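The residues making up each chain are set out below.
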Amino acid sequence: MNSVRLTFLGTGTSHGIPVIGCTCAVCQSSDPRNQRFRASVLIEWQGKTLLIDTPPELRLQLVRAKVTHLDALLYTHTHADHIFGLDDVRVFSGRQCAPLPVYGMPQSLENLQRQFFYVFTETPMGGGKPRLDLRKINPLDQPFEAEGVPVQPVPVWHGPTPVLGYRFGDVAYVTDTNDIPEASLALLQGLDVLVLDALRQQAHPTHFSIPEALAIVERLKPRRTYFTHMCHDVDHEKTNRQLPPGIQLAYDGLILE
Ligand SMILES: [Zn+2]
Ligand SMILES: [Zn+2]
Ligand SMILES: [Zn+2]
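Residues numbered from 1 in each chain as written. Chains lettered and ligands numbered in written order. Predicted model: local features only at pLDDT ≥ 70, side-chain atom pairs only at ≥ 80, totals over all residues. Heavy atoms only, no water.

J.: Sorry, what's going on with the overall build of the chain here?
T.: Tallying secondary structure elements over the chain gives seven helices and 14 strands in all. Compactness check: the chain gives a C-alpha radius of gyration of 17 Å against a globular reference of 18 Å for 257 residues, within 12% of the reference. Taken along the three principal axes of its C-alpha coordinates, the chain extends 55 × 40 × 35 Å. Relative to its full complement of 257 residues, the chain shows a buried share of 53%. Taking all contacts inside the chain whose residues are at least 6 apart in sequence as the whole, residues at least 24 apart take part in 62%. Of the roughly 11500 Å² that the chain leaves accessible, carbon and sulfur atoms contribute 53%. (Helix = DSSP H or I, 4+ residues; strand = E, 2+ residues; numbered from the N terminus. Rg over C-alpha atoms; globule rule 2.2 N^0.38 Å. Buried < 20%, exposed > 50% of the residue type's maximum accessible area, 1.4 Å probe, protein only. Contact = heavy atoms within 4.5 Å. Areas by Shrake-Rupley, 256 points an atom, 1.4 Å probe, with all protein chains shown as cover.)

J.: How do you make sense of the pairing of strand β1 (residues 5-10) when you look at a structure like this?
T.: Across a regular strand the side chains alternate sides, sitting on one face of the sheet and then on the other. In terms of burial, β1 is largely enclosed, as five of its six residues are buried. One ladder, built from five bridges, connects β1 with strand β2 (residues 40-45); its direction is antiparallel. Opposite Arg5, over in β2, you have Glu44 as the bridge partner. Of the pairings in the sheet, the one linking β1 to strand β14 (residues 255-256) comprises two bridges and is antiparallel in character. When the sheet's bridge partners are listed, Leu6 is paired in β14 with Leu256. (Pairing = 2+ DSSP bridges.)

J.: Even after reading the chapter, I still don't get the coordination of the zinc ion (ligand 3), so can you show me in this structure?
T.: Working reference: metal with six octahedral donors, ideal angles 90 or 180 degrees; metal with four tetrahedral donors, ideal angle 109.5 degrees. Distances from the zinc ion (ligand 3) to its protein donors, His77 (NE2), His79 (ND1), His158 (NE2) and Asp176 (OD), fall within 2.2 to 2.4 Å. Taken together, the four donor atoms coordinating the zinc ion (ligand 3) and their angles of 89 to 176 degrees define a geometry best described as irregular. On the primary sequence, the residues serving as donors to the zinc ion (ligand 3) are separated as H-x1-H-x78-H-x17-D. The metal-metal distance between the zinc ion (ligand 3) and the zinc ion (ligand 1) is 3.5 Å, with Asp176 coordinating both. Of this pair, His79 sits in the loop between β4 (72-74) and α2 (80-83) while His158 sits in strand β8 (residues 149-158); the two residues are 79 residues apart in sequence, bridging distant segments of the chain. (Donors = N, O, S within 2.8 Å, 3.2 Å for Na, K, Ca; no water. Tetrahedral: all angles 85-135°; square planar, octahedral: opposite > 155°, others 65-115°.)

J.: Before we go on, may I ask you to explain the side chain of Asp176 in this structure?
T.: For Asp176, the position within the fold is in the loop between β10 (171-174) and α5 (182-185). Within the structure, the side chain of Asp176 is placed 3.0 Å from the side chain of His82, a separation counted as a polar contact. At 3.2 Å, the side chain of Asp176 and the side chain of His158 are in polar contact. Look past the residues within four positions of Asp176 in its chain and what remains in contact with it is His77, Asp81, His82, Val156, Trp157, His158, Val163, Asp197, Thr206, His207 and His229. (Polar contact = N/O pair within 3.5 Å; in protein donor to acceptor, adjacent residues only side chain to side chain.)

J.: How do you make sense of the pattern of salt bridges when you look at a structure like this?
T.: Note on pairing: side chains with opposite charge can pair once their charged atoms come close. If you walk through the whole model with that rule in mind, you get 15 salt bridges. For Asp192, the salt bridge identified is with Arg223, shortest N-O distance 2.6 Å. Highlighted residues: Asp192 in the loop between α5 and β11 (193-197) and Arg223 in the loop between α6 (210-220) and β12 (224-228), separated in sequence by 31 residues. (Salt bridge = Lys/Arg side-chain N within 4 Å of Asp/Glu carboxyl O.)

J.: Could you clarify how one ought to interpret the nonpolar core in this entry?
T.: Generally speaking, a soluble globular protein has its nonpolar side chains buried in company with each other. Core analysis: the biggest nonpolar cluster contains 29 residues, and Phe8, Ile43, Leu74, Tyr166 and Phe168 have the highest contact counts within it. Those residues in contact with Phe8, other than ones at most four positions away along the chain, are Ser40, Val41, Val195, Tyr226, Ala250, Tyr251, Asp252, Gly253, Leu254 and Leu256. Judged by nonpolar contacts, the second largest core, of 24 residues, contains Val156, Leu188, Phe208 and Met230. (Core = buried A, V, L, I, M, F, W, Y, C linked by side-chain atoms within 4.5 Å.)

J.: Please clarify how helix α4 (residues 106-115) should be interpreted in this entry.
T.: Within α4 the residues assigned to the buried category are Ser108, Leu109 and Leu112. Down the axis, α4 shows its buried residues gathered within 95 degrees of arc, on one side only. The inward-facing, buried residues of α4 contact α2, β5 (100-104) and β6 (132-136). (Arc of directions from axis to C-beta.)

J.: What am I meant to see in the sheet that holds β1 here?
T.: Note on sheets: strands pair through backbone hydrogen bonds, and any given pair is parallel or antiparallel. What the seven strands build is an open sheet, ordered β6-β5-β4-β3-β2-β1-β14; its pairing is mixed. Among the strands making up the open sheet, the edge pair consists of β6 and β14.

Structure representation (structure tokens):
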């Protein structure tokens, strides 16, 4: 497999769409592209399968995408919408009879150890827990190999929170950000595909709005761009029609080859 295959497992903001109990037009929409699990992607490249983040709907996402095997897990950051499906990866560490390598910035891995204390506590029989092999990404801006797959981490800001985007060859996934430092913009040159956070039309303190995301695209000029982490203000059909050529909203289940 020479080119990166990217599967959108979830493209919604932290509430998920539909939002619980919401009667707005997008949450009530029958367009499946308006139904968004929390944000996650699957990367298949060089014969390996990598998962980025473990949202609360992870089991449903992996069943729907028919994922049978995982080689590694990468975290962007540890907000609740990106981590609380972690327990479900135990099926892979069990089936593969090996701990699953987990990559993230040092503070993300420390947060995981606190938030999932039972996973990292010795118990007599470990069958019910994921077995994880935590691997710190350090320094944050240097390429590394995840199970042999070359990965370029891309440090960005999400309000006050540091987040890692990831670049695999000509494909980059950059979610949960409202500020990409110059040094990181330099790591995103010459892309075939850019996946970028774009929460809604209106400005937000920790996410790019659609106009802000468009300004980043204008600077980086990737061949194709897909926006993700949308909230229920964003109707897929209506918004997509207004985006410039080469830029589209992602939706759950979309696969890029
Ligand atoms: Zn998020
Ligand atoms: Zn709604
Ligand atoms: Zn976040």
